[in-house]
Amino acid sequence: MPTYASKDELDFDLSQLPCLPAFDHVEMAAPDFFDVQYAINPHMLDASGALQRIDRKLAQQQWNSVREAIESAGVTVTVEPALADHPDFVFCANPWLPIPAEVTGEGPHCVPSRMASDERAGEVARWCESLAGRGWKVAPLTGTAKCLEGTGDGLWHPRRQLLWAGIGSRTERGAWEELAERYGLHVVLLELQDPALYHLDTCLAPLDERTCLWSPSAFTSAGAALIEQLFEDAIAVSEPEAHESFVCNAFAPDAGGAARPVVLQKGAQRVVRELSERGFSPIEVETDEFLKAGGSVFCMKMAHPVRVDQ
């Protein structure tokens, strides 16, 4: 299946794509060892250039609030025990990419990430071991792409077999081309251009099949045109909202029902108002300690459609 890098290349309509089930199961990783011990993104340094300092007790409380918010939306959460000496393990959106059984034609696949930083490479093996023990097939990349960072850069379009694919410092185009060919997937390529919004999940949040939050300045004109073409209602987020509160790192739990919850960092009043006007139910949480490491709600979870007992 070809990849799509511009609006003019699109040869499909969303309604024509095969459906996906609800992503109503979430993995989270316990934050026991969460800290800032190195700098691999701009957020990890304070105004003086020193490493950010983490209040570990407060971080635990904030992690608990994120878990409770997701569970309150009717989504099952499974917690992976913390991994010693890996302070970013809590950001479990990055070490792997879930490929649902509906796409593979067999069982669910886990595509291990090729992390851009050596500091996080050890997280991948731990997740692969855990998932393999629960019946997932571990399906590594075989091509030459050096970097792929899971759902940090690969976002499933809600309920459709379409993958939004970020290209930048954390994931290479070749990784997406390999997966598009392997699984027969429609993959839309979005080049990232803001160093502070280094993953796609920091500047694009699919909320439902027709709606998203996005930060227009994070994308090239070609990427912006693709988003506006495929989402009927693309809610633009300002640069301050995107940078300071990581509001595009929101998560819309897919548990069905009329509530339509969206879990997001507290304080983006305009975005909360726009979501409410569209019938969503914003759930604001505090993730300030995690923002110091360059992550918020979406980074702290991995959603997929596989039951715990599968």
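Residues numbered from 1 in each chain as written. Predicted model: local features only at pLDDT ≥ 70, side-chain atom pairs only at ≥ 80, totals over all residues. Heavy atoms only, no water.

Visitor: Explain unusual backbone geometry to me, please; I cannot follow it from the model alone.
Guide: Negative phi characterises most residues that are not glycine, and trans characterises most peptide bonds. The backbone of phenylalanine 246 shows a phi angle near 50°, a positive value even though the residue is not glycine. According to the relative accessible area criterion, phenylalanine 246 is buried, its value standing at 2%. Phi is positive for arginine 260, close to 50°, though the residue is something other than glycine. Within the fold, arginine 260 resides in the loop between α7 (239-244) and β13 (261-265). Its relative accessible area of 28% is what places arginine 260 among the partly exposed residues. (Buried < 20%, exposed > 50% of the residue type's maximum accessible area, 1.4 Å probe, protein only. Helix = DSSP H or I, 4+ residues; strand = E, 2+ residues; numbered from the N terminus.)

Visitor: Looking at this model, I keep getting lost on the pattern of salt bridges. Mind explaining?
Guide: It is possible for side chains bearing opposite charge to pair when their charged atoms get close. Scanning the model with the defined rule gives 17 salt bridges in all. The shortest N-O distance in the salt bridge between glutamate 27 and arginine 134 comes to 2.8 Å. With glutamate 27 in strand β2 (residues 25-29) and arginine 134 in the loop between α3 (122-132) and β6 (137-138), the pair connects residues that are 107 residues apart, well separated along the chain. Looking at glutamate 27, the relative accessible area reads 0%, which means it is buried. Its salt-bridge partner being aspartate 233, residue arginine 278 comes within 2.5 Å of it at the nearest N-O pair. (Salt bridge = Lys/Arg side-chain N within 4 Å of Asp/Glu carboxyl O.)

Visitor: Before we go on, may I ask you to explain the sheet that holds strand β9 (residues 186-191) in this structure?
Guide: Pairing between the strands of a sheet is mediated by backbone hydrogen bonds and can be parallel or antiparallel. Spatially, β1-β9-β8-β7 is the arrangement adopted by the 4 strands of the open sheet, whose pairing is mixed. A single partner strand is all that each edge strand has here, and the edge strands are β1 (3-4) and β7 (154-156). The pairing of strand β8 (residues 162-167) with β9 spans 6 bridges and is classified as parallel. Pairing of leucine 163 across the sheet is with valine 187, part of β9. The sheet contacts of helix α5 (residues 173-183) involve β1, β7, β8 and β9, and relative to β8 the element is tilted by about 160°. Along the sheet, helix α6 (residues 221-230) contacts β1, β8 and β9; its crossing angle with β9, the most-contacted strand, is approximately 135°. (Pairing = 2+ DSSP bridges. Contact = heavy atoms within 4.5 Å. Axes fitted to C-alpha atoms, helices over the stretch in contact; angles between N-to-C directions.)

Visitor: Looking at this structure, I do not really get the environment of serine 113. What am I missing?
Guide: Looking at the element boundaries, serine 113 is found in the loop between β5 (109-112) and α3. Here serine 113 falls in the buried class, since its relative accessible area comes to 8%. If we ignore the near neighbours within four places in the chain, the residues touching serine 113 are Asn94, Pro95, Trp96, Val124, Leu148, Glu149 and Gly150. For serine 113, the side chain forms a polar contact with the main-chain nitrogen of glycine 150, separated by 3.0 Å. (Polar contact = N/O pair within 3.5 Å; in protein donor to acceptor, adjacent residues only side chain to side chain.)

Visitor: Got a minute to help me understand the sheet that holds strand β12 (residues 233-236) in this structure?
Guide: Taken in spatial order, the 3 strands line up as β10-β11-β12 in an open sheet, and their pairing is mixed. The two strands at the open ends of the sheet, each matched to only one other strand, are β10 (204-206) and β12. Ignoring strand direction, the axes of neighbouring strands in this sheet form an average angle of 20°. Bridge analysis of β10 against strand β11 (residues 211-214) gives 3 bridges, and the strand direction is antiparallel. Along β11, the bridge assignment pairs proline 206 with cysteine 212. In the packing of α6 onto the sheet, the strands contacted are β10, β11 and β12, and the crossing angle to β11 comes to about 155°.

Visitor: Looking at this structure, how should I read the side chain of threonine 3?
Guide: In this fold, threonine 3 is placed in strand β1. By relative accessible area, threonine 3 is classed as buried at 15%.

Visitor: Got a minute to help me understand the environment of aspartate 153 in this structure?
Guide: As for its position among the elements, aspartate 153 is in helix α4 (residues 150-153). When the C-alpha positions of aspartate 153 and histidine 304 are compared, they lie 15 Å apart, and in sequence the two are 151 residues distant. Once you skip the residues sitting within four places of it in the chain, aspartate 153 turns out to touch Trp164, Ala165, Gly166, Arg170, Thr171, Trp176, Leu192, Tyr198, His199 and Leu200. Of the polar contacts made by the side chain of aspartate 153, one reaches the side chain of threonine 171; its length is 2.7 Å.

Visitor: Explain the pairing of β13 to me, please; I cannot follow it from the model alone.
Guide: When a strand is regular, its side chains alternate between the sheet's two faces. With respect to burial, β13 is a largely interior element, 5 of its 5 residues being buried. Pairing between β13 and strand β14 (residues 281-285): 5 bridges, direction parallel. Among the inter-strand pairings, valine 262 is bridged to a residue of β14, identified as proline 282. Taking the sense of rotation as the criterion, the β-α-β connection linking β13, helix α8 (residues 269-277) and β14 turns out right-handed. (Right-handed = clockwise from strand over helix to strand, strands pointing away.)

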